[in-house]
Amino acid sequence: MRLSTLSTIALAGVGTFASASKGVPTYINPLLPGWHSDPSCVYVTERETFFCVTSTFIAFPGLPVYASKDLRTWELASNIISRPSQIPDLAETEGQQGGIYAPTLRYHEGVFYLIVSNLGPDLNGLVFSSTDPYDDNAWSEPLVFPVYGIDPDIFWDDDGVTYVSSADNNMIHHYSLDLSSGEIGPVTYLWNGTGGAYPEGPHLYKKDGYYYLLIAEGGTETNHSATMARSKSRTGPWEPCPHNPILSNRNTTEYFQTVGHADLFQDGGGKWWGVALSTRSGPEWENYPMGRETVLVPGTWEEGEWPVFSPVRGLMRGPLPPKHAVKKPINKPEHLTFAPGSEIPKHLMYWRLPDESAYAVSPRGHRDTLRLTPSNYGPSYNASSVTDPITFIARRQTDTLFSFSVDLDFTSKTAYVEAGVSVFITQEQHIDLSIANTAIRGKITRAIQLKTYGRGNYDGPLRNITTDLPREWAGKKITLTVEAHDDETYQFSASLASRPRKGISIGSVDTRVVSGDTGRFTGTLVGVYASRGGHSTANVADKQSDFAYFSNWRYKGLGQKIDHDLIVPSN
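Predicted model, so just to flag it, every value in this text is computed and none were measured.

**Comments concerning the confidence of the model for the protein**
Then, number 1: Here the protein averages 93 in pLDDT, and 95% of its residues register 70 or above.
Then, number 2: The low-confidence segment residues 1-21 (pLDDT under 50) makes 36 contacts with residues lying over four places distant or belonging to another chain.

**Side note on the pattern of salt bridges**
Then, number 1: For the coordinates displayed, the defined rule picks out 16 salt bridges.
Then, number 2: As a salt-bridge pair, D153 and R106 come within 3.8 Å of each other at their nearest N and O atoms. With a gap of 47 residues between them, D153 in strand β11 (residues 150-156) and R106 in strand β7 (residues 99-108) connect regions that are remote in the sequence. Across the pair, exposure class does not vary: D153 and R106 are buried alike.
Then, number 3: D487 is the salt-bridge partner of K561, the closest N and O atoms lying 2.6 Å from each other. On the criterion of sequence distance, the pair formed by K561 in strand β38 (residues 548-563) and D487 in the loop between β34 (478-484) and β35 (489-496) is long-range, its members being 74 residues apart.
Then, number 4: Through salt bridges with shared partners, one network takes in D157, D158, K206 and R234.

**Observations concerning empty space enclosed by the protein**
Empty space among the atoms becomes visible once a probe the size of a water molecule is rolled across them.
Then, number 1: Within the structure shown, the criterion is met by two cavities of 30 Å³ or more.
Then, number 2: What the largest cavity holds in volume is close to 40 Å³.
Then, number 3: Lining the largest cavity are L408, F410, I435, R446, L469, W473, A474, G475, K476 and I478.
Then, number 4: A breakdown of the residues in the lining of the largest cavity according to their chemical character gives seven nonpolar, one polar and two charged.
Then, number 5: Its boundaries defined by the atoms lining it, the second largest cavity holds a volume of some 30 Å³.
Then, number 6: Split by residue class, the lining of the second largest cavity holds eight nonpolar, two polar and no charged.

**Digging into the domain arrangement of the protein**
Then, number 1: Under the domain assignment, the protein is made up of domain 1 (34-317) and domain 2 (334-569).
Then, number 2: Between the C-alpha centres of domain 1 and domain 2 the distance comes to 33 Å.
Then, number 3: Contact residues are listed per partner, giving 47 residues for domain 1 and 44 residues for domain 2.
Then, number 4: For the domain 1 face of the interface with domain 2, the top three residues by lost area are W35, Q96 and Y255, together amounting to 20%.
Then, number 5: Counting the contacts that link domain 1 with domain 2 gives 23 residue pairs in polar contact (both at pLDDT 80 or more).
Then, number 6: Residue assignment for the side of domain 1 that touches domain 2 shows that the elements contributing at least two residues are β4 (59-60), β5 (62-68) and β6 (75-81).
Then, number 7: The dominant element in the side of domain 1 that touches domain 2, judged by the number of residues it contributes, is β6, at four residues.

**A short note on the state of the cysteines**
Then, number 1: One pass over the full model with this rule turns up one disulfide.
Then, number 2: Paired through a disulfide, C41 and C52 show a sulfur-sulfur distance of 2.1 Å. Residues C41 and C52 are joined through a disulfide that is right-handed, its torsion about the S-S bond being 110 degrees. Pair noted here: C41 is in strand β2 (residues 40-44) and C52 is in strand β3 (residues 49-53), with a separation of 11 residues, a long-range link.

**Quick notes on the layout of surface pockets**
Then, number 1: In this structure, the second largest pocket spans a volume of roughly 620 Å³.
Then, number 2: In terms of lining, the second largest pocket is formed by 25 residues, of which the most central are R106, Y107, L204, Y205 and K206.
Then, number 3: Those elements giving two or more residues to the lining of the second largest pocket turn out to be β2, β7, β11, β15 (200-207) and β19 (256-266).
Then, number 4: Its residues assigned to classes, the lining of the second largest pocket comprises 14 nonpolar, four polar and seven charged.

**Notes on the sheet that holds strand β8 (residues 111-119)**
Strand pairing in a sheet takes place through backbone hydrogen bonds and is either antiparallel or parallel in direction.
Then, number 1: With respect to topology, four strands assemble into an open sheet ordered β7-β8-β9-β10, the strand pairing being antiparallel. Looking at strand neighbours, the two that pair on one side only are β7 and β10 (143-145), the edges of this open sheet. Here the average twist between neighbouring strands, direction ignored, is 20 degrees.
Then, number 2: Pairing between β7 and β8: eight bridges, direction antiparallel. Within the sheet, the bridge partner assigned to G99 lies in β8 and is L119.

Reading guide: rules and limits
- Residues numbered from 1 in each chain as written.
- Predicted model: local features only at pLDDT ≥ 70, side-chain atom pairs only at ≥ 80, totals over all residues.
- Heavy atoms only, no water.
- pLDDT = per-residue confidence, 0-100.
- Contact = heavy atoms within 4.5 Å.
- Salt bridge = Lys/Arg side-chain N within 4 Å of Asp/Glu carboxyl O.
- Helix = DSSP H or I, 4+ residues; strand = E, 2+ residues; numbered from the N terminus.
- Buried < 20%, exposed > 50% of the residue type's maximum accessible area, 1.4 Å probe, protein only.
- 1 Å grid on protein atoms, 1.4 Å probe; cavity = no way out; pocket = protein on both sides within 12 Å on 5 of 7 lines; lining within 4 Å.
- Points joined across faces, edges and corners; volume = space filled by probe spheres on them.
- Nonpolar A, V, L, I, M, F, W, Y, C, P; charged D, E, K, R; others polar.
- Domains from an automatic or database assignment.
- Buried area = accessible area lost by both parts, 1.4 Å probe.
- Polar contact = N/O pair within 3.5 Å; in protein donor to acceptor, adjacent residues only side chain to side chain.
- Disulfide = S-S within 2.5 Å.
- Pairing = 2+ DSSP bridges.
- Axes fitted to C-alpha atoms, helices over the stretch in contact; angles between N-to-C directions.

The following block contains the structure:
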């Protein structure tokens, strides 16, 4: 869908909203756009606030906590994992899809608890706690316990005992957990679903004298679904819901697919809501660079009955709370200046634990910049030492259509050193636009490079582009830009920062390159990097002369595609 049609479609979208707004309020999905998989949410009455957490795998900081009072406008309250001491083996996690995922967030007797599995060199269960969800440092070091498998849920029964339900060997396991020692009790097997593949993602609720067990099954692809069973006893026997799945878009032609891995919660008025992960791909499930995102659906859950939830669509209606503004909404246009004395914004992410010495805000002589020291390898996968830190920092792509740009001051004369922007989903799948030093017969030449790594779900021709840096650009600040004018293509361009309207179009890359394959569980990040291209140096003077200075970081959402033929303006 091309940008030339955006204005017409945007107006159509606004008209649809206007007509639907008579009566029940409307909203659009995704609730949390961009890579926000495996959501878990709670409503805290005394704060009159909703809190949600999503997966981060091997990205750091990890486990973002989002807060909202109206289910429309969200802010990043904190990152549960913000210190390397909380998860030191993240540095040694080799898999691109390992690390931290499928958390459960709960609030119990004045304390927030986050339980999750860590798929690092060893499998461990982790429990973090805090009384202040708006402070990174208030989140505890983890309680480590011997988890059974993945996707643990935490539940307190009426007797005060803490229980964990988790998924392993196609079965939901259940056992007590001592929150002071990390010791677990005997294991009971609960329910393995309705026959779908990979029963996982359990959440246990107690309501009207029943224990309700919600799980995901069918695999996190187009057969994904959320199913439920209930029992008068915490350990069964279990009665499946007669209208399972309670949430799914499988076997449909809907634009939102892979719906599943859900969590349920009530608002302050007692109304029920469900969150789930979903992919904006259509049933062909090929083009979805933003990966698995968080969607919201309204529901009803009458006394003694089964919950009933609306199907996932892009345009939704539901009994939303009154509108309430937040100080720093996550979906506003972004302009980062890296002012002196400021810190790196907490929504920016690294891939594994960073080498903190490789990043400096407003260093001497370079005010309002973020200085990057090139790592031996850039975002690319290094098979011989995959866990070496890479100098790469990014934010989520949160809009179907967007513009991202930075200014780069990079004067290195060392061979093979490069710095630029990256559209990244894993170290094996990314697209880099850089200013690079190439060596030809001993002579260093500066060039603009567009390089594609991996191909994801794209089976067409791939072409890397190298063009000489214009002579008049030498020694000057250069703007590098990535734009998505439609939902199929990334456009890359460069210009002098002082003359942004006289840029050079470098090339385009299909968005399917960063869809699926090694990044099928995550989603696209856009950011900056600096690299030696696999050529290390021990010379400190060389390292200092190779610094890359980034400034004027801008991201602006231009449109959200919410159905096959509907794009609405970004918020």
